[in-house]
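Okay, here's what each chain looks like letter by letter:
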Amino acid sequence: GAMTTRIPVLEPRRRGLERDVDRKYEADEEMQEAMHYCDILKAYAHYATHCFQIFNKLEDDFYRIPKLQQSLVPMFDKKMKAIRACVGANQTFIRNILDQRAAFMNSDRINYDWVYRQNRRIKPGDMDKVKSTLKQCVRDWSAEGKDERKQCYGPILQELEKLFPNPSTKTKVLVPGSGLARLVWEVASMGFHAQGNEFSYFMLLCSYTILNCTKKPNVHRIFPFVHITRNIHSPKHQLASVRFPDVNPVNLPKDSLSMVAGDFQEIYQDQVEEWDCVASCFFLDTANNVIEYVRLISSLLKIGGYWINFGPLLYHYSGMYDEISIELSWEEIKPCLKHYNLELIREEIRKPATYCMDPNSMMKTEYRCLSFTCRKTAKTPKESPNPRYRRSKPGDPVNPGNTGSAPATGGQQNSNKSGPSRSGSSTHGKRKNGQDGRGPGKLANS
């Protein structure tokens, strides 16, 4: 039968109920945040169920073809059994993540168990983010991700070394959109004070588990490519396992690393001239308004401070017609740097890089990235910052106005860069008092 990715599937009367719960708490921001968080916990918890549904359909399809043709693939049953075992192993790692769920339950007045039990459907997009978080573990924390890290983090770390030859924890480096926090960790282990900022709870929960609850290398084992059924040379590639972390995350100088959960613009809008350096990797294009990111980054830097950037311009909100998306070319961004007193001192274009790529796949998406450094030469011109840019509040009837008809894909072209930070829910931007102080083995409030 047809595959369903909505898990658990609700009877129609429950769907009405779900809408009632949403409507009842529409104005309650803390409750909205808690519902969003519990949706993510639920997506993690249902990972295996979701995968089994997909593989059941693949199996059903196989057993519909003629017996003779089935007999030409004698190892099919064995492969499906192995695939299910791999999914089970991934769910075991996910259980470690879910064990840390209390870390981001920040509100004293909310009963998270009650919120979790509300029968809200799991969004198919959230299930995709669970899978891409597993692939992100490979990119950020495994020996297999070393080449990708060298491509993307290498230029940033080399530049830091050059600009700050005597690193100390007095030098503050901010890493916005820090994902699973390996770049933050690398900056901290060079001797700087590094702070990561991340918006996606998928990423935050997983990085919290790695940084705070993992005391030695290679204790986790996952099968990150098991969901991939296309462009495969051999079943053994689909069933490949990866161990991580390749380093001991706890080995860091004291007080050298902190993490803050929430929306970059909201958290950092008042931290004027507090930072020596901003290091951004695959981050600039997650903005609704890229000019506002340039302005904010400029305002954060001390005069004489540096912004080091690496990444493409994929524009995360492209094609989402209920979101503002300012999509500029690099040549159009350069005058904006100048306006905000950021002097471009290094510029390299078309630097090749991949993002969470399966090294054995028949298909490869390669970005040709911008790699640049700016130095802040004078105070940032004053202007009132833009708010967060939804065209309409969630739940309002959408009026596309003169934006043309709504694209059916909802920004589908962004899906190649498989990282949840590319597709974190954009309607929950308020996590201002998120967790901080994610030094090894400690958790404090910001």
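Residues numbered from 1 in each chain as written. Predicted model: local features only at pLDDT ≥ 70, side-chain atom pairs only at ≥ 80, totals over all residues. Heavy atoms only, no water.

On to empty space enclosed by the protein. Scanning all chains against the criterion turns up five cavities of 30 Å³ or more. In this structure, the second largest cavity occupies an estimated 50 Å³ of space. Within the lining of the second largest cavity, the residues separate by chemical class into three nonpolar, six polar and one charged. (1 Å grid on protein atoms, 1.4 Å probe; cavity = no way out; pocket = protein on both sides within 12 Å on 5 of 7 lines; lining within 4 Å. Points joined across faces, edges and corners; volume = space filled by probe spheres on them. Nonpolar A, V, L, I, M, F, W, Y, C, P; charged D, E, K, R; others polar.)

What follows is about the packing of aromatic side chains. Under the counting rule described, the total for this entry stands at 21 aromatic pairs. Connected via pairs of aromatic rings, a cluster forms that spans Phe264, Tyr268, Trp275, Phe283 and Tyr293. Against the face of tyrosine 116 rests lysine 42, its NZ or CZ located 5.1 Å from the ring centre. Over the ring of phenylalanine 282 we find arginine 139, and its NZ or CZ is 5.3 Å from the ring centre. (Phe/Tyr/Trp six-rings, centres within 6.5 Å; stacked < 30°, edge-to-face > 60°. Lys NZ or Arg CZ within 6 Å of the ring centre and 35° of its normal.)

Moving on, we get to the nonpolar core. Counting 83 residues, the largest nonpolar core has Tyr44, Tyr47, Phe104, Leu160 and Phe282 as its most contacted members. By size, the runner-up hydrophobic cluster in this structure holds 28 residues, among which are Leu174, Leu284, Tyr315 and Leu337. (Core = buried A, V, L, I, M, F, W, Y, C linked by side-chain atoms within 4.5 Å. Buried < 20%, exposed > 50% of the residue type's maximum accessible area, 1.4 Å probe, protein only.)

Turning to the environment of isoleucine 156, a few remarks are in order. Take isoleucine 156: it is sitting in helix H9 (residues 154–163). Separated by 217 residues in the primary sequence, isoleucine 156 and threonine 373 place their C-alpha atoms 9.0 Å from one another. Excluding its chain neighbours within four sequence positions, the residues that come into contact with isoleucine 156 are Leu183, Ala279, Ser280, Cys281, Ile308 and Phe310. (Helix = DSSP H or I, 4+ residues; strand = E, 2+ residues; numbered from the N terminus. Contact = heavy atoms within 4.5 Å.)

Here we come to helix H10 (residues 182–189). Counting along an α-helix, one turn takes 3.6 residues, and residues three or four places apart therefore face a common direction. Taking burial as the measure, the eight residues of H10 include seven buried ones, the bulk of the element. Among the residues of H10, Arg182, Leu183, Val184, Trp185, Glu186, Val187 and Ala188 are the ones counted as buried. Where H10 terminates, the next one or two residues include glycine 191, which has phi positive at roughly 115°.

To continue, consider the environment of serine 318. Position of serine 318 among the secondary structure elements: in the loop between strand S7 (301–311) and helix H15 (330–339). The class of serine 318 is buried, set by a relative accessible area of 10%. Along the backbone, serine 318 and threonine 286 are 32 residues apart, and their C-alpha atoms lie at a distance of 9.8 Å.

All right, on to the side chain of histidine 50 then. Positionally, histidine 50 belongs in helix H3 (residues 47–62). Residue histidine 50 is classed as buried on the basis of its relative accessible area of 2%. Looking at histidine 50, its side chain comes within polar contact range of the side chain of lysine 131, at 3.1 Å. (Polar contact = N/O pair within 3.5 Å; in protein donor to acceptor, adjacent residues only side chain to side chain.)

Below, the discussion takes up the sheet that holds S7. Strand order in the open sheet formed by seven strands is S5-S2-S1-S6-S7-S9-S8, and the pairing between neighbours is mixed. The open sheet is flanked by strand S5 (257–261) and strand S8 (342–353), the only strands paired with a single partner. Neighbour-to-neighbour, the strand axes of the sheet open up by a mean angle of 15°, direction not taken into account. Relative to S5, strand S2 (residues 193–198) runs parallel, the two sharing five bridges. Counterpart to alanine 194 in the pairing with S5 is leucine 257. Against the sheet, H9 engages strand S1 (172–176), strand S6 (275–281), S7, S8 and strand S9 (367–376), with an angle of about 155° to S7. Across the face of the sheet, helix H14 (residues 290–300) comes into contact with S1, S6, S7, S8 and S9 while running at roughly 140° to S7. (Pairing = 2+ DSSP bridges. Axes fitted to C-alpha atoms, helices over the stretch in contact; angles between N-to-C directions.)

A word on the pattern of salt bridges. Considering all chains together, one arrives at 23 salt bridges under this definition. The shortest N-O distance in the salt bridge between aspartate 126 and lysine 129 comes to 3.6 Å. Pair noted here: aspartate 126 and lysine 129 are both in helix H7 (residues 124–141), with a separation of three residues, about one helical turn. Note on aspartate 126: relative accessible area 7%, which makes it buried. (Salt bridge = Lys/Arg side-chain N within 4 Å of Asp/Glu carboxyl O.)

In this section: unusual backbone geometry. Going from phenylalanine 244 to proline 245, the amide bond is cis rather than trans, its omega being -5°. Secondary-structure assignment places proline 245 in the loop between strand S4 (242–244) and S5. For asparagine 218, which is not glycine, the phi dihedral falls at a positive 55°. Inspection of the secondary structure puts asparagine 218 in the loop between helix H11 (201–213) and strand S3 (220–222). The class of asparagine 218 is partly exposed, set by a relative accessible area of 36%. For aspartate 255, which is not glycine, the phi torsion reads 55° and is therefore positive.

Direction vectors running N to C along helix H2 (residues 29–45) and H11 enclose 65°, while the axes themselves pass 10 Å from each other. Of the two possible hands of crossing, H2 and H11 adopt the one that is right-handed. Packed against H2, whose contacting residues are Glu33, His36, Tyr37, Ile40, Leu41, Ala43 and Tyr44, the element H11 presents Tyr201, Phe202, Leu205 and Cys206 at the interface. Classifying every residue of the contact of H2 with H11 by side-chain character gives nine nonpolar, one polar and one charged. (Left-handed = near helix turned anticlockwise from the far one by under 90°.)

Our focus in this paragraph is the environment of proline 312. Among the secondary structure elements, proline 312 is positioned in the loop between S7 and H15. With relative accessibility at 10%, the residue proline 312 sits in the buried group.

Of all the ten residues making up S9, eight are buried; the element is thus mostly covered by neighbouring parts of the structure. When S7 meets S9, the two strands line up antiparallel, connected through six bridges. Along S9, the bridge assignment pairs asparagine 309 with phenylalanine 372. Where S8 and S9 come together, nine bridges link them in antiparallel fashion. Within the sheet, the bridge partner assigned to alanine 353 lies in S9 and is tyrosine 367.

On their own, these measurements won't tell you what the molecule is for.
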